[in-house]
Amino acid sequence: MADNLVIVESPAKAKTIEGFLGKDFQVKSSYGHVRDLVKNDKGIDIGNGFSPLYEVSPDKEKVVNELKSLSKKAKTVWLATDEDREGEAISWHLFETLNLKESNTKRIVFHEITKKAIQEAISKPRFIDMHLVDAQQARRILDRLVGFELSPILWKKIKPSLSAGRVQSVSVRLIVERERDVEGHKSQSAYKLVAHFIVKDKKGNSTLLKAELSQRFPVKEDAEALLNKLANANFKISNLEVKPGKKSPAAPFTTSTLQQEASRKLGFSVAQTMVVAQRLYESGKITYMRTDSVNLSQLALDEAKVAISKMYGKEYSFTRQFKTKSANAQEAHEAIRPAYLDLSTIDGENADRRLYELIWKRTIASQMADAQLERTVVNIENNKSKELFIATGEVIRFDGFLRVYLESTDDENEENDTEKEKDGLLPPLTIGQMLDLDTITGTQRFSSPPARYTEASLVKKLEELGIGRPSTYAPTISTVQKRGYVIKEDRPGKERIFTVLTLRNGKVSTEDRTENYAAEKSKMFPTDIGTVVTDFLVLNFPEILDYNFTANVEREFDEIAQGNLQWAKMIKKFYGPFHKLVEDTEKNSERATGERILGVHPENGKKISARIGRFGPLVQITGETEDEKPQFAKLRPGQRLETITLEEALDLFKMPRNIGNYEEEDVTISIGRFGPYARHNGIFVSLAKADDPYTIEIDRAIELIEGKRKTDRERIIRIFEERPDVKLLNGRWGPYLVANELNYKLPKDKDPNALTLQDCLDIIIAAGENGGKPKRSFGRKAAPFAAKKVPAKKTVAKKTPATTGAKTSVAKTISKVPAKKKATKTVAKAPVKAAASKTATARKKTK
């Protein structure tokens, strides 16, 4: 038995660390948090200073018991969870739950899992920092209070199963407001004039010089008039200016910039980036991945200098230290970087390798020399008007950090930097040089709405507003999508006509062309329910949904972490007014449905509206009297309450559609509670996701019907004639047994094709004796099933009394199965609930 027990939060991290420590150390994982707020009620004793009530998670009882046993035998227990607030809280929960003693418990932190870092941490232990724990608890308690009090309001005022949260609701608001900005954008067009001149060198070789007029022409006639004016103009270079310039590298990665750049360059989601980064950290490849800091350690700076000089030459090395912009950067003390800067790549999974190489390039580039540029601006005048055409060029004289890395941008309306550089080389030019005109084109361009958020640009916006912290971005973005408030998807573009005016050989021509615009890739769109919930919360809880309030709360958490604010006072100050507002809203606010009156039915004059219903967005035809039932129809994918038109709503009521005849029976298409389906001869067949119920034709419907018939045939393994309620079927997860509409698992060693009726009945009996619970295959309550033994010998059937007028076989008169045994509930030895510790021991900061 080792004298030292090291506890970390993940098995992968434990495996890596164990390789750096000797035989005197045993490294075990807690598999994350071992306890959390109790799930019943709020899990908070509001009347007792907002004391949190914790319970050991049922799935962690075995882990806790093992760690308790090991900690009692160890001479020293080392709590080595991550160094941020969440990691500090995990260590504190372990200290409390395992009943550890301060005398033999030490807290160690490190931002990279290398042998040197681990040994240095062991040599400089401390105790649990309760300020960091308090900050984590304050966030957890405040978010629990907000969620548990707002969510029931949403259930009553909008629809069941909704939820609200301090950060998630503000994030949805950003997406909703951006969508309205996009929908409300009124596109304006203007004509952009671009000239191409022919430049000849001394040898007579020709090169095209591209120049642009800075002025835009909103009216086609004005652009056309200028082109006619320039038809016989002479052009010459009036000014030529060459300026040196430089481009500097971006800072090393923080959590948010890594998430943004991995999205742009690798196409990773925010959640995927964090999962991969976690693997890289726990395997000792990179430093800690949740950080606000852009600082690099002196060791990293020295390693970068050596690596750059060796790979690219000394002239490429330029040591620089970046300063963190955020005054409250607190999650770690160093930027995300490779643990070993001399390794430009790693072995392993493709995603791991790609993200590692991105981190390596960014870190190395940050310590490389600036790129030296030469920028040229050329003014071209003419003898027919005052307008100047301007040509620009950029030449890289020394590539510097660009040899390794160039940061991407989210600005969709801005030309890519690399494209500018490709077009930037200009031919030799002199002031006064005459230029021959090739063409001038006046192209109609349209203004663009603000870009919808990607996951990366949403993270950037949240960071700019001070909402959330490195550990919260990914969970927040995942939560709003899981809740159905936001969807991330691609959407096809639309076609539009634009006009191109061309001046060539002294004549102006006009041509109409088509282009695709407004195509979206991996963008975040609010759902109707997300929009209605946001509007309701903004109306009734404006402070909670205010961006400044959420950012101020984050700053207060920072104050708590630094020991400058007492967490209970902060919660109390917030909760009083908030709870009063919740009670007032519950009593006085109206239901929110997002209803829009679209118009009246052209045939009967009945009102048609769009709103949120119990099962989602719908359109409704309201009856003329209270006794007349309204008609409902679900919205189609891509339709929204705020934009659906009366004509589109009327189309939704064309269901059911009779699309033809098959086997002398009608085939109709309808939309039910669980989606669109085809009906034929009493059989219902679900449509595939790619099938549009409003356009599907008979041939495709027949294909689906025959497909279902084939599936049903293959589903049946065997039905016993003497007991038709006992069946062997193929299911999604393999063969299973059905008896009286209840499902039973088959033993793994049994071949379903070889099972007899008696074998099946024995399986049912065994399930009852072992406390097994069959799963219902239908929503209605099934009658109790009595498994009955089939006798080995054949017995002649006996007649029943005359009153029954029937024969009963022996197989129908077997004795009933013994009653099922009740499962025994195991009570965890660890305490189920424990109030937040207030002991002086736990409050001690250093040992």
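Note that residues are indexed from 1 along each chain, following the sequence as it is written. It should be noted that, the model being predicted, local features are given only for residues of pLDDT at least 70 and side-chain atom pairs only at 80 or more, the latter also being counted only at that level, while totals for whole chains, interfaces and linings use all residues. Where side-chain values are given, they derive from all heavy atoms of the structure, hydrogens and water being excluded.

1. As for the side chain of Glu 554
A run of DSSP states H or I qualifies as a helix once it reaches four residues; a run of E qualifies as a strand once it reaches two. Both are numbered from the N-terminal end. Of note, Glu 554 is situated in helix α16 (residues 547-561). Three exposure classes are used, based on accessible area relative to the maximum for each residue type with a 1.4 Å probe and protein chains only: buried under 20%, partly exposed in between, and exposed over 50%. A relative accessible area of 0% means that Glu 554 is categorised as buried. Apart from the residues lying within four places of it in its own chain, the contact partners of Glu 554 are Arg 139, Arg 166, Val 167, Gly 466, Ile 467, Gly 468 and Arg 469. Whether two residues are in contact is decided by their heavy atoms: any pair within 4.5 Å suffices.

2. Let's talk about the pattern of salt bridges
Salt bridges are defined by distance alone: a side-chain nitrogen of Lys or Arg within 4 Å of a carboxyl oxygen of Asp or Glu. Here the structure, examined in full by the defined rule, presents 56 salt bridges. For Lys 13, the salt bridge identified is with Asp 82, shortest N-O distance 2.7 Å. Here Lys 13 is found in helix α1 (residues 11-18), whereas its partner Asp 82 is found in the loop between β6 (76-79) and α3 (85-97), with 69 residues between them in sequence. Classification of Lys 13 as buried rests on a relative accessible area of 0%. The partner of Arg 290 in a salt bridge is Asp 82, and the shortest N-O contact between them spans 3.7 Å.

3. Notes on the confidence of the model for the chain
For any part of a model where pLDDT is low, the fine detail of the predicted coordinates should not be relied upon. Residues with a pLDDT of 70 or more make up 88% of the chain, whose mean pLDDT is 86. The predictor reports its confidence for every residue as pLDDT, a score running from 0 up to 100. For residues 777-783, every residue scores under 50 in pLDDT, and the model assigns this stretch 11 contacts once sequence neighbours within four places are set aside. Considering only residues more than four positions removed or in separate chains, one finds that residues 791-847, a stretch of pLDDT under 50, has 84 contacts.

4. Here's the deal with the sheet that holds strand β2 (residues 25-29)
Here the rule is simple: two strands pair whenever DSSP picks up at least two bridges between them. What the 4 strands build is an open sheet, ordered β2-β1-β6-β7; its pairing is parallel. Either end of the sheet is taken by a strand with one partner, and the two such strands are β2 and β7 (105-107). Pairwise comparison of adjacent strand axes, ignoring direction, gives a mean angle of 25 degrees for this sheet. With 3 bridges joining them, β6 and β7 adopt parallel strand pairing. The axes are straight lines fitted to the C-alpha atoms, using for helices just the contacting stretch, and the angles between their N-to-C directions are given from 0 to 180°.

5. With respect to unusual backbone geometry
Backbone torsion omega between Met 655 and Pro 656 reads -5 degrees, so that peptide bond is classified as cis. Counting through the fold element by element, Pro 656 comes out in the loop between α18 (646-651) and β22 (657-662). Positive phi values are uncommon outside glycine, yet Glu 664 reaches one of about 60 degrees. Among the secondary structure elements, Glu 664 is positioned in the loop between β22 and β23 (665-672). Although it is not a glycine, Asn 740 sits at a positive phi angle of roughly 50 degrees.

6. Regarding the packing of aromatic side chains
What counts as a ring pair is set by centres within 6.5 Å for rings of Phe, Tyr and Trp (its six-membered ring), and what kind of pair is set by the plane angle: stacked under 30 degrees, edge-to-face over 60, tilted for all other angles. Inspection of every chain in the model, using the stated rule, returns 14 aromatic pairs. One aromatic cluster is present, built from ring pairs that chain together Phe 541, Phe 549, Phe 574 and Phe 578. Criterion for a charge above a ring: Lys NZ or Arg CZ within 6 Å of the ring centre, and within 35 degrees of the ring normal. Over the ring of Tyr 547 we find Arg 173; its NZ or CZ atom is 4.9 Å from the centre of that ring. Its guanidinium or amino end placed over the ring of Phe 525, Arg 491 lies 3.5 Å from that ring's centre, counting from NZ or CZ.

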